[in-house]
Amino acid sequence: TYRGVIGVLTILGYIGGAIMAIASVLSLVNKEIVPAIVGVIVSAIVIFVVIPFYKEVSLMLVDAVDSTLERNSRS
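What you see is a predicted model; the values in this text were computed from it and never measured.

### Considerations on the overall build of the protein
Here comes step 1: If you tally the helices and strands in the protein, you get two helices and zero strands.
Here comes step 2: Scaling as 2.2 N^0.38, a compact globule of 75 residues should have a C-alpha radius of gyration of about 11 Å, whereas the protein reaches 18 Å, well beyond that.
Here comes step 3: Viewed in the frame of its principal axes, the protein has a C-alpha envelope of about 65 × 15 × 10 Å.
Here comes step 4: Out of the 75 residues belonging to the protein, those deemed buried represent 16%.
Here comes step 5: Counted over contacts in the protein with a minimum sequence separation of 6, partners at least 24 positions apart contribute 64%.
Here comes step 6: Carbon and sulfur atoms provide 75% of the accessible area of the protein, an area that totals close to 5,600 Å².
Here comes step 7: On the protein, the mean spot of the 5 positive side-chain charges and the mean spot of the 5 negative ones are 1 Å from each other.

### Re the side chain of Ser-27
Here comes step 1: Tracing the backbone through its elements, the reader meets Ser-27 in helix H1 (residues 2–29).
Here comes step 2: Judged by relative accessible area, Ser-27 falls into the buried class, the value being 12%.
Here comes step 3: In this structure, Ser-27 is in contact with Glu-32, Pro-35 and Ala-36, ignoring residues within four places of it in sequence.

### Side note on helix H2 (residues 33–74)
Here comes step 1: A rise of 1.5 Å per residue sets the reference length of H2, with its 42 residues, at 62 Å; its end C-alpha atoms lie 61 Å apart and thus fit the reference within 8%.
Here comes step 2: Its axis deflected by about 40° at Val-46, H2 carries its strongest bend there.
Here comes step 3: Buried within H2 we find Ala-36, Gly-39, Ser-43, Ile-47, Ile-51, Ser-58 and Val-62.
Here comes step 4: Tucked into the core, H2 has its buried residues touching H1.

What counts and what doesn't
- Residues numbered from 1 in each chain as written.
- Predicted model: local features only at pLDDT ≥ 70, side-chain atom pairs only at ≥ 80, totals over all residues.
- Heavy atoms only, no water.
- Helix = DSSP H or I, 4+ residues; strand = E, 2+ residues; numbered from the N terminus.
- Rg over C-alpha atoms; globule rule 2.2 N^0.38 Å.
- Buried < 20%, exposed > 50% of the residue type's maximum accessible area, 1.4 Å probe, protein only.
- Contact = heavy atoms within 4.5 Å.
- Areas by Shrake-Rupley, 256 points an atom, 1.4 Å probe, with all protein chains shown as cover.
- Lys, Arg positive; Asp, Glu negative; His and termini not counted.
- Charge placed at Lys NZ, Arg CZ, Asp CG, Glu CD.
- Expected span 1.5 Å × (residues − 1).
- Bend = angle between axes of the 7 residues up to and from the residue.

Note that all results are geometric; they support no functional claim without further evidence.
Structure (structure tokens):
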């Protein structure tokens, strides 16, 4: 069940990062150069680094809990 929750949160994170990137590009159209560049860089970091890292760490924690529960259920 928790793996499904991780999948949903990952998708929501990518959607949030995409919305942030779109908002940054729109501010570039409005001649706000510095906030637009910072927003695009931050959204790229969120999309390509933070969200995949969060997903992998969460899945590793789920695997650790699963293995602990399985080991303890045998004894």
